[in-house]
Amino acid sequence: MASGLPDPSLVVLVGAAGSGKSTWARRHYRDQEIVSSDELRGVVGSGRHDLDASADAFRLLDDIVAARIRRGLTVVVDTLGLEPERRRGYRELAARAGLPAVAVVFDAAPPLVRERNARRDRPVPAAVLRAQLTRAAAVLVELAAEGWDEVVVVHDEPAPAEAAPPPAGASVPATPGLGFVLQISRFPWGADPAGWLRDMASAAEAAGIAGIALMDHLIQIPQVEREWSPIPEPWVTLGLLAGLDTRLRLGTLVSPVTFRPAGVTAKVVATLDALSGGRAFLGIGAGWWQREHAAFGLPFPPARERLDELERAIELIRALWAPGTKAY
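Conventions used here
Residues numbered from 1 in each chain as written. Predicted model: local features only at pLDDT ≥ 70, side-chain atom pairs only at ≥ 80, totals over all residues. Heavy atoms only, no water. Pairing = 2+ DSSP bridges. Helix = DSSP H or I, 4+ residues; strand = E, 2+ residues; numbered from the N terminus. Contact = heavy atoms within 4.5 Å. Axes fitted to C-alpha atoms, helices over the stretch in contact; angles between N-to-C directions. Buried < 20%, exposed > 50% of the residue type's maximum accessible area, 1.4 Å probe, protein only. Arc of directions from axis to C-beta. Polar contact = N/O pair within 3.5 Å; in protein donor to acceptor, adjacent residues only side chain to side chain. Phe/Tyr/Trp six-rings, centres within 6.5 Å; stacked < 30°, edge-to-face > 60°. Core = buried A, V, L, I, M, F, W, Y, C linked by side-chain atoms within 4.5 Å.

A.B. asks: Mind showing me how you'd approach the sheet that holds strand β7 (residues 211-214) here?
C.D. replies: Within a sheet, adjacent strands bond to each other through the backbone by hydrogen bonds, running parallel or antiparallel. Spatial ordering of the open sheet is given by β6-β7-β8-β10, a layout of four strands whose pairing is parallel. Among the strands making up the open sheet, the edge pair consists of β6 (181-184) and β10 (280-281). Across two bridges, strand β8 (residues 249-252) lies against β10 in parallel orientation. Directly across from Leu250, in β10, lies its bridge partner Ala280. Relative to the sheet, helix α8 (residues 193-206) contacts β6 and β7, its axis offset from that of β6 by approximately 155°.

A.B. asks: How should I be thinking about the sheet that holds strand β4 (residues 101-107) in this particular structure?
C.D. replies: Taking strand neighbours across the sheet as the criterion, the five strands line up as β2-β3-β1-β4-β5 in an open arrangement whose pairing is parallel. Because the sheet does not close on itself, it has two edges, and the strands there are β2 (34-36) and β5 (150-155). Strand after strand, the sheet turns through a mean of 20° between neighbouring axes, direction not considered. The sheet contact formed by strand β1 (residues 10-14) and strand β3 (residues 75-78) spans three bridges and is parallel.

A.B. asks: It is not clear to me how the environment of Ile209 should be interpreted in this structure. Could you clarify?
C.D. replies: Looking at where Ile209 falls in the secondary structure, it is placed in the loop between α8 and β7. Sequence spacing of Ile209 and Arg27 is 182 residues, and the spatial spacing of their C-alpha atoms is 39 Å.

A.B. asks: Help me understand helix α9 (residues 234-242), please; the structure alone is not making it clear to me.
C.D. replies: Note on helix geometry: an α-helix contains 3.6 residues per turn, so any two residues three or four positions apart are oriented the same way. Looking at α9, one finds that the buried residues are Pro234, Trp235, Thr237, Leu238, Leu241 and Ala242. Down the axis of α9, the sector holding all buried residues measures 155°, keeping them to one side. Close packing links the buried residues of α9 with α8, β7, β8, β9 (255-256), α10 (262-275) and β10. A side-chain oxygen of the first residue of α9 lies 2.9 Å from the backbone nitrogen of Trp235; this N-cap is Glu233.

A.B. asks: Is there a simple way to think about the packing of aromatic side chains in this case?
C.D. replies: The geometry of two aromatic rings is summed up by the distance between their centres and the angle between their planes. Per the counting criterion, the structure on display carries six aromatic pairs. Seen in terms of ring centroids, Trp24 and Phe106 are 5.6 Å apart; in terms of plane orientation they differ by 80°. Their pairing is edge-to-face. Taken together, the residues span a long stretch of sequence, with Trp24 in helix α1 (residues 21-28) and Phe106 in strand β4 at a distance of 82 residues. Each ring, one from Phe187 and one from Trp189, has its centre 5.5 Å from the other, and the planes form 55°; the classification is tilted. According to the relative accessible area criterion, Phe187 is buried, its value standing at 3%.

A.B. asks: Sorry, what's going on with the nonpolar core here?
C.D. replies: Looking at soluble globular proteins, one finds that nonpolar side chains tend to be buried together. Phe187, Ile212, Leu238, Leu241, Leu250 and Leu272 are the most contacted members of the largest nonpolar core, which totals 25 residues. Looking at this core, the elements that each hand over two or more residues are α8, β7, α9 and α10. The contacts of Leu250, once residues within four sequence positions are left out, are Ile212, Leu238, Leu241, Ala242, Leu272, Arg279, Ala280 and Phe281. Counting residues in hydrophobic clusters, the runner-up holds 21 residues, among them Val35, Val65, Tyr90 and Ala94.

A.B. asks: Can you walk me through the environment of Trp189 in this structure?
C.D. replies: The topology assignment puts Trp189 in the loop between β6 and α8. Note: C-alpha distance between Trp189 and Leu307 (118 residues apart in sequence) is 35 Å. Excluding anything up to four places from it in sequence, Trp189 contacts Trp196, Leu197, Pro230 and Pro232.

Right, dumping it as structure tokens:
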């Protein structure tokens, strides 16, 4: 229970996504006292961010809130809390049960909210977040007129203590921000391909490069060298680089959907990400070089079909990487 707040009580959290509501609730209340719309989307849908499951999630949320209030139990409603009608419904339920109704407003600075949102696996779209922040700025005036037993304003709280920094050379994800990735397109490796790759990776990290990208082609492209020049299969090669003692991000630039089935690509990249400690990335495209397809006996559809397949592949890969399961 948050210090100073009545217990039992109805506690409604109010604030934009990324304002710190869920973190605050977990610090101050037991898990069974918190009812979260995001968590319930994961129960009735394919994951926390499955917006298609929102209606079912909120129906379930309302049932749980009503049941706890009827029993005189503390319940913390972890949603945006920005809709006056929904707040009124919760407040009326609490009044009928004789429970105090508390609104907790999260006054986080917009730059901090945007920074937190950018770190999410599935960020809220910028336009949606901007609308939430505008709405949240006006909510204190509304709450003052709504008849809450108590209105509490929570300002930016310090983040929980961070773990000790990883030891030198540990494989960890690169920090967000602007970085430069080295694309290796030529492979003059002589008799020691693995040794040459290790040397390239070490030199890249020493120079401050954030990662390494490999082209995904079956034969060398004419813009670089002759077609019989060496060009390795990229994901096998990136697996070798993942085993080195570096912090480099690793991925392709770019893998074509014409000979990389989306489901298999999702599995390959997820495996590399797990083995590298979260350092994998994927560049994906529609494919362009007909000759390499002909050389390997692969179909090369017209541009329209390739672009349609690219769109489908992006949707499918995102679904496979998301929490939970989702029919496709």
